[in-house]
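So you can see what is in the structure, the chains are spelled out below.
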Amino acid sequence: MPDLLLELFSEEIPARMQAKAADDLRRMVTDKLVAEGLVYEGAKAFATPRRLALTVHGIPARQPDLKTERRGPKVGAPDAAVQGFLKATGLKSLDEAKIQRDPKGDFYIGLIEKPGRDAIDVLAEILPVIIRTFPWPKSMRWGARSGKPGSLNWVRPLHAITATFGPETEEPDVVTFEVDGIESGQTTYGHRFLAPAPISVRRFEDYEAKLLAAKVVLDPERRKDAILTDAKQLAFAQGFELVEDQNLLDEVAGLVEWPVVLMGSFEPEFLKTPDEVIRATIRNNQKCFVVRDPKTGKLASKFILVANIEATDGGATIIAGNERVIRARLSDAKFFYETDLKMKLEGRLPKFDQIVFHEKLGTQAERIMRIERLAAEIAPLVGADVAKATRAAHLAKADLLTEVVGEFPEVQGLMGKYYALAQGEDASVAAACEEHYKPQGPADRVPTDPVSVVVALADKIDTLVGFWAIDEKPTGSKDPYALRRAALGVIRLIAENALRLSLIKVAGSALARLSVKPADASKLPSDLLAFFADRLKVQLREQGARHDLVDAVFALGGQDDLLMIVRRVEALGKFLDSDDGKNLLAGTKRASNILSIEEKKDKRSFDGAPDAALYSLAEEKALAKAIGEVKAEASAAVAKEDFAAAMSAMAKLRPPVDAFFDKVRVNDDDPKVRENRLKLLNEIRSATRAVADFSKIQD
């Protein structure tokens, strides 16, 4: 079957756009092919700085013929309706139609046959549309044609379009079309400097091989592998280790078509600046990698760059140019760092009086004061030193006003730690300056130092309560203040440090310190708790737990101790995986269903204790006795927070519940006996609520 080769050759495409653009090209072309009845076997897209390429193999040479039936008017309908039907179906007369019987009468049916077209003609029709409607985040116009209505928008000037189609065993044909004066063909170009001459290509294998010979590595993954391997080997040869950086590797692979790895150096005196600042300087400004000394674990005065050319001087001029720029940038960073050290962190805090955190939530200075007070309240609850926690909360945001963080925002917090240590702060206080932002994602580390945990919780809870108070909650996919991330951070801090906190109480304390109050302040803590419940479901689902178990535990009400909720959910999950758990759940569901039906029928609930004098069967008595024993035993276990024991107690209900439903008719003819048995079913529901609301658990 024929294959398609498509290349869109342009000026340099920004590295950050390449991966998505390649995926968009594959998706748009293949979706159109399928919509046209051309079901392909496979497709793969590629991107380099100067081209998007796509190969689709196993495309049918021709569309299938399409046969459809069209229902027409009734037999005996007016002539105008008949003539309209004949015109729409292309039939010459009603003799070519067939008649189909229907309960409403006999109708004419016309068979429309639409012959399929050659796939190459379909491609010539759909490819220009895809190119013109390509979803670049940003695009531009260029050249003399750009002023004309309908002229092409593209991310960078588009120079050539390669489009061939044909079977592997034959010479492919050019898919002929033009876009804004650019005609498709089978000519592409290699490396801008190393092999700029035009290249004639046929199919993908030929195209990829000729590009490689012309100093272009088409596959971005292959470019990444080459860069990483060469960089590691070059660093190892000099006695160093490469500091790997996946994001930088992705970006650099999008900047070069023929990667050439080189090593440069800078003056050792710059190593007095923190490693993270050196790395940020070199990475952000020159897109270069740093290396470390494996003996010390500290950075070495070397860097690795990736050029896009094999220079005749072995890269000496390229290295010298990068060294010159990096030297200047490191000088700036060193100056910023040394300038920052001249002022203590607390000396910067008065500036926060003029910086608004949010127009409804006050200044940064007011927010810092709230975090300090909340940290002082949380500290005793988690075993942290109150004075250290308060001091850490006082200083934690100060590095935001330093020169280094102003230049490199990604090192905020970290620089706070360095500056705090430099001015002689306690190690826990300094660590909290860095760690109070953590965890910032599911893969981020959770602080364990009590002072860091306190400040991290205070910071996140103040943020959540503040934005809840001004009704700036996340909606749908929009979460501009990263409140979902903050809530997950609180959950992980509590769960992974095994902390016992009343979220409602802490949220109430945070709310009391806000200058702005919501219309119904009493509902805010419980509303926020529901948000935590949703985030906890996400967290547990990612860990493989069932989200409905979270609902079952939260449904009991008053559950704001996240650690206990997590432990209860874990114990409930293990219990429901057992035969006893599954059968008890089925029995409880059966009892709840019967109760729901009868309560609806009688328009009343069946609360209250059953009358033991009305028990006539042994199974009733056995169930009543078991419920009493289990309820007491499970409640005692829950009070001791021994949820495994509570589940074991629940398991004792299984035999009498099974026996009750086997032998006892709930809807007895005697109204009093019926009511008593329904009350007994309600007791089953009540007993299981000692550990969870089983009605919320999915079968």
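A brief structural summary. Because the structure is a prediction, the values reported are computed rather than measured. (Residues numbered from 1 in each chain as written. Predicted model: local features only at pLDDT ≥ 70, side-chain atom pairs only at ≥ 80, totals over all residues. Heavy atoms only, no water.)

### A look at the overall build of the chain
Working step 1: When you go through the chain residue by residue, the secondary structure sums to 24 helices and 18 strands.
Working step 2: Taken over the C-alpha trace, the chain has a radius of gyration of 36 Å; the compact-globule value for 699 residues is 27 Å, which it surpasses by more than 25%.
Working step 3: Along the longest, intermediate and shortest principal axes, the C-alpha atoms of the chain span 100 × 100 × 50 Å.
Working step 4: Within the span of the chain, comprising 699 residues, buried residues form 49% of the whole.
Working step 5: Restricting to contacts in the chain with at least 6 residues of sequence separation, those with at least 24 account for 68%.
Working step 6: Accessible area of the chain: about 33400 Å², with a carbon and sulfur share of 50%.
Working step 7: Looking at charge distribution, the chain has the averaged site of its 101 positive side-chain charges lying 3 Å from that of its 106 negative ones. (Helix = DSSP H or I, 4+ residues; strand = E, 2+ residues; numbered from the N terminus. Rg over C-alpha atoms; globule rule 2.2 N^0.38 Å. Buried < 20%, exposed > 50% of the residue type's maximum accessible area, 1.4 Å probe, protein only. Contact = heavy atoms within 4.5 Å. Areas by Shrake-Rupley, 256 points an atom, 1.4 Å probe, with all protein chains shown as cover. Lys, Arg positive; Asp, Glu negative; His and termini not counted. Charge placed at Lys NZ, Arg CZ, Asp CG, Glu CD.)

### What to know about empty space enclosed by the protein
Working step 1: For the structure on display, the rule yields one cavity of 30 Å³ or more.
Working step 2: There is about 30 Å³ of room inside the largest cavity.
Working step 3: As for the largest cavity, its lining consists of Val 243, Asp 245, Leu 248, Arg 279, Cys 288, Phe 289 and Val 290.
Working step 4: Each residue belonging to the lining of the largest cavity can be placed in one class, and the counts come to five nonpolar, no polar and two charged. (1 Å grid on protein atoms, 1.4 Å probe; cavity = no way out; pocket = protein on both sides within 12 Å on 5 of 7 lines; lining within 4 Å. Points joined across faces, edges and corners; volume = space filled by probe spheres on them. Nonpolar A, V, L, I, M, F, W, Y, C, P; charged D, E, K, R; others polar.)

### Observations regarding the pairing of strand β7 (residues 158–166)
Working step 1: Among the nine residues that make up β7, eight are buried, leaving the element largely enclosed by the rest of the structure.
Working step 2: For strand β1 (residues 3–10) and β7, the ladder comprises eight bridges, and the chain directions are antiparallel. Note that in β7 the partner of Ser 10 across the bridge is Leu 158.
Working step 3: Relative to strand β10 (residues 182–185), β7 runs parallel, the two sharing two bridges. (Pairing = 2+ DSSP bridges.)

### A word on the pattern of salt bridges
Working step 1: Across all of its chains, the model carries 59 salt bridges by this definition.
Working step 2: Of the charged contacts, one joins Lys 224 and Asp 250 as a salt bridge, the two residues approaching to 2.9 Å between their closest N and O atoms. Of the two residues, Lys 224 is situated in helix α5 (residues 220–237) and Asp 250 in helix α6 (residues 246–253); the sequence distance between them amounts to 26 residues.
Working step 3: The class for Lys 224 is buried, based on a relative accessible area of 15%.
Working step 4: Of the charged contacts in the structure, one is a salt bridge between Lys 537 and Asp 551, with a shortest N-O distance of 2.6 Å. Of this pair, Lys 537 sits in helix α17 (residues 524–542) while Asp 551 is found in helix α18 (residues 547–554), placing the two residues 14 residues apart along the sequence. (Salt bridge = Lys/Arg side-chain N within 4 Å of Asp/Glu carboxyl O.)

### Observations concerning the packing of helix α19 (residues 562–576) against helix α22 (residues 643–651)
Working step 1: Where α19 contacts α22, the two axes come as close as 9 Å, and the packing angle between them is 35 degrees. In terms of crossing hand, the pair formed by α19 and α22 is right-handed. Residues Met 564, Arg 567, Arg 568, Ala 571, Leu 572 and Phe 575 of α19 form the contact with α22, whose own contacting residues are Phe 643, Ala 644, Met 647, Met 650 and Ala 651.
Working step 2: Across the contact of α19 with α22, the residue classes break down as nine nonpolar, no polar and two charged. (Axes fitted to C-alpha atoms, helices over the stretch in contact; angles between N-to-C directions. Left-handed = near helix turned anticlockwise from the far one by under 90°.)

### Side note on the nonpolar core
In globular proteins that are soluble, nonpolar side chains generally tend to be buried together.
Working step 1: Counting residues in hydrophobic clusters, the biggest one holds 124 residues, and the most contacted among them are Leu 457, Leu 572 and Leu 681.
Working step 2: Take this core: its biggest share by element is 13 residues, from helix α14 (residues 450–469).
Working step 3: Setting aside chain neighbours within four positions, we find Leu 457 in contact with Ile 378, Val 490, Leu 493, Ile 494, Leu 499 and Leu 501.
Working step 4: Formed by 38 residues, the second largest nonpolar core is a distinct cluster that contains Met 17, Leu 123, Ile 131 and Val 155. (Core = buried A, V, L, I, M, F, W, Y, C linked by side-chain atoms within 4.5 Å.)

### Side note on the environment of Arg 677
Working step 1: Position of Arg 677 relative to the elements: it lies in helix α24 (residues 671–688).
Working step 2: Accessibility expressed as a relative area gives 4% for Arg 677, which makes it buried.
Working step 3: In sequence terms Arg 677 and Lys 696 are 19 residues apart; their C-alpha atoms lie 23 Å from each other.
Working step 4: Among all residues touching Arg 677, those that are not within four sequence positions of it are Ser 616, Leu 617, Glu 620, Val 664, Arg 665, Val 666 and Asp 668.

### Here we look at the side chain of Gln 18
Working step 1: For Gln 18, the location among the structural elements is in helix α1 (residues 15–35).
Working step 2: A polar side-chain atom of Gln 18 sits 3.0 Å from the main-chain carbonyl oxygen of Ile 13.
Working step 3: Residues in contact with Gln 18, not counting those within four places in the same chain, are Ile 13, Ala 47, Thr 48, Pro 49, Leu 52, Arg 223 and Gly 254. (Polar contact = N/O pair within 3.5 Å; in protein donor to acceptor, adjacent residues only side chain to side chain.)

### Here's the deal with the packing of aromatic side chains
Working step 1: Considering all chains together, one arrives at 12 aromatic pairs under this definition.
Working step 2: Note on Phe 134 and Trp 154: the rings are 5.4 Å apart at their centroids and 45 degrees apart in plane angle, and the pair reads as tilted. Of this pair, Phe 134 sits in the loop between α3 (119–132) and β7 while Trp 154 sits in the loop between α3 and β7, and the two are 20 residues apart along the sequence. The two residues Phe 134 and Trp 154 agree in class, both being buried.
Working step 3: Taken together, a centroid distance of 5.9 Å and an interplanar angle of 55 degrees make the contact between Phe 357 and Phe 467 tilted. Within this pair, whereas Phe 357 is found in strand β17 (residues 356–358), its partner Phe 467 is found in helix α14, the two being separated by 110 residues in sequence.
Working step 4: The class of Phe 467 is buried, set by a relative accessible area of 3%.
Working step 5: Here a set of aromatic residues connected by ring pairs shows up, and it is made of Phe 46, Phe 204 and Tyr 207.
Working step 6: Directly above the ring of Phe 107 sits Arg 71, whose terminal nitrogen or CZ lies 3.7 Å from the centroid.
Working step 7: We note Lys 417 situated over the ring of Tyr 418; from NZ or CZ to the ring centre the distance is 5.4 Å. (Phe/Tyr/Trp six-rings, centres within 6.5 Å; stacked < 30°, edge-to-face > 60°. Lys NZ or Arg CZ within 6 Å of the ring centre and 35° of its normal.)

### Brief notes about the sheet that holds strand β5 (residues 98–102)
Working step 1: Within the open sheet, the three strands sit side by side as β4-β6-β5. Their pairing is antiparallel. Each edge of the sheet is formed by a strand with only one pairing partner; in this case those strands are β4 (66–74) and β5. Between one strand axis and the next, the sheet turns by 35 degrees as a mean value, whatever way the strands run.
Working step 2: Relative to strand β6 (residues 105–114), β5 runs antiparallel, the two being bridged by five bridges. Within the sheet, the bridge partner assigned to Lys 98 lies in β6 and is Ile 109.
Working step 3: In the packing of helix α2 (residues 79–89) onto the sheet, contacts are made with β4 and β6, and the angle to β4 comes to roughly 175 degrees.

### Here's the deal with helix α13 (residues 427–435)
Working step 1: With eight of nine residues buried, α13 lies mostly within the body of the structure.
Working step 2: For α13, the complete set of buried residues consists of Ser 428, Val 429, Ala 430, Ala 431, Ala 432, Cys 433, Glu 434 and Glu 435.
Working step 3: Contacts made by the buried residues of α13 are with α10 (386–395), α12 (414–422) and α14.
Working step 4: With a side-chain oxygen lying 2.8 Å from the backbone nitrogen of Ser 428, the N-terminal cap of α13 falls on Asp 426.

### Structural notes on the sheet that holds strand β15 (residues 289–292)
Working step 1: Read from one edge to the other, the open sheet built from four strands follows the order β13-β15-β16-β14, with strand pairing classed as antiparallel. Each edge of the open sheet carries a strand with a single partner, namely β13 (241–242) and β14 (260–265).
Working step 2: Relative to strand β16 (residues 299–307), β14 runs antiparallel, the two being bridged by six bridges. By the bridge assignment, Met 263 is partnered in β16 with Ile 304.
Working step 3: Each of β13, β14, β15 and β16 touches α5; the most contacted strand, β14, lies at about 35 degrees to it.
Working step 4: Sheet strands touched by helix α7 (residues 275–286): β15 and β16. Its angle to β16, the strand with the most contacts, is close to 15 degrees.

### Here's the deal with α1
Working step 1: End to end, α1 covers 31 Å across 21 residues, agreeing with the expected 30 Å (1.5 Å per residue, within 8%).
Working step 2: Within α1, burial applies to Ala 15, Met 17, Gln 18, Ala 21, Ala 22, Asp 24, Leu 25, Met 28, Val 29, Thr 30 and Leu 33.
Working step 3: Next to the buried residues of α1 lie β1, β2 (42–48), β3 (51–57), α3, α5 and α6.
Working step 4: Just downstream of α1, Gly 37 is the residue with a positive phi angle, here 80 degrees. (Expected span 1.5 Å × (residues − 1).)

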